[in-house]
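Structural description and commentary
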Amino acid sequence: MMKPINKVSLGDVRTMIVVLMVTTMVLGLGYAGSAVRLDDQLTIHLADDHMITMRVAWMMHATGQPYFNAGEAVAANTSLFWPILLSSGYKVWSLLQWPLVLFWLSITMTVAAAWIAATMFDGLARFAVLIAVLLSPSLAAYGASGWEHIPQMLCVTAGLTLFLRNQSRRLRLDVAAFGLLCLAFLFRPDSAPIVFGGWLILVASHVRTRPVAVVVVSLLALILPAAYLLLMFHYYGDFVPNTYYLKGAGGSELPRGFRYLTMPLFSGPIPVLLGGATVILLLRKVEARVLSVLAILWMQIAFVAFTGGDVFPNGRFLLVILPVVTGLFVLAISGGTGPGHPRNRAWVGMVLTVAAAWYPWVPVLEWRLSGWPAARAENAVAEDREAAHARLMTYLGARLTPNDGSIGLHNLGMGYYLPEFHITDFLGKAEPHIARLPAGRGAKGHNKWDYDYAFDTYDIAAAPFPEKEFAALSDPAPALRQWEFNWVFGRKLLADPDYVYLNPEALGIGQTDWGLFVRADLVDRFAR
């Protein structure tokens, strides 16, 4: 039987608070591998792509416009509302403090989403869901990232779980569930398939008995997409972000998306868990709401496949449905027909075992307490790539001024630490001309470049280059690999007398990841 919505007891609230506090602290220490001290302040370099969003948020705070570069009307990130919401954090915290705060908020939201999904069950099954979700490769990789996928996941989990547990089909609970799904759109517009599925549940359940209420709720739900389109056009003069042209415009993405779903390294455990849950649940009579939610989850899977999947591993684009999928998988293998008490506790125990077995294979959760945080900040080494990003940018900011020229980047999130500088995006996420070029070889989002255009258009003072790629520049032809742009870029600047390459040793800033191409007239500023 499904575990229905009952009056929440004080004991449940206390348990939830304890779980949130303890789990957040434990995971926070495990995720703290990206901690670094800059300008005598402790901060966290979140995922590179999210640092792009953070720079947009800073620009929104500083200029009132959600742009990556001040005055350049380019939608460099997929989410419009998330950086606008994040911009309010800079009213309280500094440029370096806010990522650290968001780091803890992100973990808290992650734990909350796992707990909400787990409330579909009691006892051992509840903790099976909680542990399986929190130790999954997907959340191990992204649970502390601060990406908009995290609040999106929280809203979707809360909405779908409420739909599942509303056995009595009470209108106000279904409206609340639908409203939570609509909020997910606030964080990422690719929540649209889930929102549409939730609307279908609302209509099917109540249109005959409460038609006026359904119409009113449906009209109110249109406010968010209408606001999204109006604000997109207001800020950018376009209804879609620049990433649409960079990654999705032109040609069918379905073959690439299908390959994405069949590669667990990239899609994570979600397709396998959902497929297994679907097969098992369809073989026995289950509650109608369970079938409806399964259909919604497959709609989201189909949408991700249709848009070509993702270049990031561990199912970043499927993260939004992970907690609910895990809950339904536990439901399936436990022999139940709806969330509630499992019938087969042996299978639930197996889920606990499998979840625990994932832990040693998740490098993001490795304990690095011996060097956290101060020692890591003083001696960033090759495996500390995030720390090296941050240190190199602060090093540049101490030796150059915005009047010296633009900073050219491939890892665009590094630009977060130089908010006063113009940043040239070599790969097109914040550069509309490059984003609209035909795709070349390489991973999606990293297969378009035009270095002649970039250097002719922008006065580039310096550009980081990965030291591990430098030896390959002597090869007469690039290897067939994802990051061909590094070879093209490096060869161009090595042949350009206006630029000089400084390796990590020459920079002398205690990191081994990054060298630097510097304009020849500025080299003296980098003398050790």
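What you see is a predicted model; the values in this text were computed from it and never measured. (Residues numbered from 1 in each chain as written. Predicted model: local features only at pLDDT ≥ 70, side-chain atom pairs only at ≥ 80, totals over all residues. Heavy atoms only, no water.)

1. Notes on unusual backbone geometry
As a reminder of what qualifies: Only DSSP runs of H or I with at least four residues qualify as helices, and only runs of E with at least two residues qualify as strands; both kinds are numbered from the N terminus onward. Partly exposed describes any residue whose relative accessible area lies between the buried limit of under 20% and the exposed limit of over 50%, with all areas from a 1.4 Å probe on protein chains only and scaled to the type maximum.
Positioned with a positive phi, Arg-169 is a non-glycine residue whose angle comes to about 60°. Within the element layout of this structure, Arg-169 appears in the loop between α7 (149-165) and α8 (171-187). Here Arg-169 falls in the partly exposed class, since its relative accessible area comes to 32%. The backbone of Asn-314 sits at a positive phi, close to 65°, despite the residue not being glycine. If you trace the backbone, Asn-314 turns up in the loop between α16 (288-306) and α17 (322-333).

2. A look at the packing of α7 against α16
Applied cut-off: Every angle, taken between N-to-C directions, lies between 0 and 180 degrees, and every axis is a line fitted to C-alpha atoms, over only the stretch in contact when it is a helix. For this classification, under 35 degrees means roughly parallel, over 145 means roughly antiparallel, 65 to 115 means roughly perpendicular, and everything else is oblique. Should the near helix be turned anticlockwise from the far one by less than a right angle, the crossing is left-handed, and should it be turned clockwise, the crossing is right-handed. Contact criterion: two residues are considered in contact whenever any of their non-hydrogen atoms come within 4.5 Å of each other.
Between α7 and α16, the shortest axis-to-axis distance is 9 Å and the interhelical angle comes to 155°. Relative to α16, the element α7 lies roughly antiparallel. Considering how the two elements wind past one another, α7 and α16 form a crossing that is right-handed. Mapping the contact onto sequence places Leu-160, Phe-163 and Leu-164 in α7 and Arg-289, Val-290, Val-293, Ile-296 and Leu-297 in α16.

3. Quick look at the environment of Leu-294
Relative to the elements of secondary structure, Leu-294 occurs in helix α16. With relative accessibility at 3%, the residue Leu-294 sits in the buried group. C-alpha of Leu-294 to C-alpha of Gly-275: the two residues are 19 residues apart in sequence and 9.8 Å apart in space. Contacts of Leu-294, omitting those with residues within four sequence positions, involve Leu-274, Thr-278, Leu-281 and Leu-328.

4. Topic: the sheet that holds strand β5 (residues 460-466)
Going by this rule: Paired strands are those between which DSSP finds at least two bridges.
The sheet built from five strands is open, its strands ordered β4-β3-β5-β7-β6 with mixed pairing. Each having just a single partner strand, β4 (423-425) and β6 (499-502) make up the two edges of the open sheet. The mean angle between the axes of side-by-side strands here comes to 25°, regardless of whether they run parallel or antiparallel. Pairing between strand β3 (residues 406-409) and β4: three bridges, direction parallel. Looking at the pairing, Leu-409 lines up with Asp-425 of β4.

5. Regarding the pairing of strand β7 (residues 514-519)
Of all six residues in β7, six are buried, a share of seventy percent or more. Both faces of β7 are covered, namely the face carrying Trp-514, Leu-516 and Val-518 and the face carrying Gly-515, Phe-517 and Arg-519. Here β5 runs beside β7; their pairing, made up of five bridges, is antiparallel. Within β7, the position partnered with Pro-464 by the bridge is Leu-516. As defined by bridge partners, β6 adjoins β7 across four bridges and the pair is classed as antiparallel. Counted as the bridge partner of Tyr-499 is Arg-519 from β7.

6. Regarding the pattern of salt bridges
Between side chains of opposite charge, a pair can form as their charged atoms come close. The condition that has to hold: Here a salt bridge means any side-chain nitrogen of Lys or Arg lying within 4 Å of a carboxyl oxygen belonging to Asp or Glu.
For the structure shown, the criterion picks out eleven salt bridges. Asp-174 is the partner of Arg-289 in a salt bridge, and the nearest nitrogen-oxygen pair spans 2.7 Å. Of this pair, Arg-289 sits in helix α16 while Asp-174 is found in helix α8, placing the two residues 115 residues apart along the sequence. Arg-289 gets classed as buried once you look at its relative accessible area, which sits at 3%. Owing to a relative accessible area of 0%, Asp-174 belongs among the buried residues under this scheme. Notably, a salt bridge pairs Arg-519 with Asp-521, separated by 2.7 Å at the nearest N-O pair.

7. Section: the packing of α16 against α17
If you want to describe how two helices pack, look at the angle between their axes and the distance between the axes. Put simply, α16 and α17 touch, their axes get as near as 11 Å, and they point 135° apart. Here α16 lies oblique to α17, going by the angle between them. Note on packing geometry: the crossing formed by α16 with α17 is left-handed. Contacts between α16 and α17 involve Val-290, Val-293, Leu-294 and Leu-297 from the first element and Val-324, Val-325, Leu-328 and Leu-331 from the second.

8. Comments concerning the side chain of Asp-238
What counts is decided by this rule: Whenever two N or O atoms come within 3.5 Å, that pair is a polar contact, provided that in protein one can donate a hydrogen and the other can accept it, and provided that, for residues adjacent in sequence, both atoms are side-chain atoms.
Among the structural elements, Asp-238 can be located in the loop between α11 (223-236) and α12 (242-248). Looking at Asp-238, its side chain comes within polar contact range of the side chain of Tyr-245, at 2.7 Å. Not counting chain neighbours up to four residues away, the residues in contact with Asp-238 comprise Met-232, Phe-233, Tyr-245 and Arg-436.

9. Some details on the side chain of Glu-431
As for its placement among the helices and strands, Glu-431 is situated in the loop between β4 and α21 (432-435). Polar contacts involving the side chain of Glu-431 include one to the side chain of Tyr-458, which spans 2.7 Å. Excluding residues that lie within four positions of it along the chain, Glu-431 makes contacts with Val-74, Asn-242, Asp-425, Tyr-453 and Tyr-458.

10. Some words on a nonpolar patch on the surface
So the rule is basically this: Only residues whose relative accessible area exceeds 30% and that take part in no salt bridge are eligible for patches, with like-charged residues grouped when within 9 Å of each other and nonpolar side chains (Val, Leu, Ile, Met, Phe, Trp, Tyr) grouped when within 5 Å. For every accessible area listed, the method is Shrake-Rupley and the probe measures 1.4 Å; residues are considered covered only by the protein chains on display.
Taken together, the side chains of Val-212, Val-216, Leu-220 and Ile-223 define a hydrophobic patch exposed on the protein surface, amounting to about 380 Å² of accessible area. Take the nonpolar patch: its biggest share by element is three residues, from helix α10 (residues 211-221). Here Val-216 lies in helix α10.

11. Observations concerning the nonpolar core
Rule in force here: Within this scheme, the nonpolar core is defined by two criteria: the residues are buried Ala, Val, Leu, Ile, Met, Phe, Trp, Tyr or Cys, and they are joined through side-chain atoms within 4.5 Å.
Ranked by size, the top nonpolar core spans 127 residues in total, and within it Leu-297, Leu-328, Leu-396, Leu-400, Ile-407 and Phe-526 carry the most contacts. Per-element tally for this core: the top contributor is helix α4 (residues 97-118), with eleven residues. Core analysis: the second largest hydrophobic core is formed by 18 residues, Leu-427, Trp-449, Trp-487 and Leu-493 among them.

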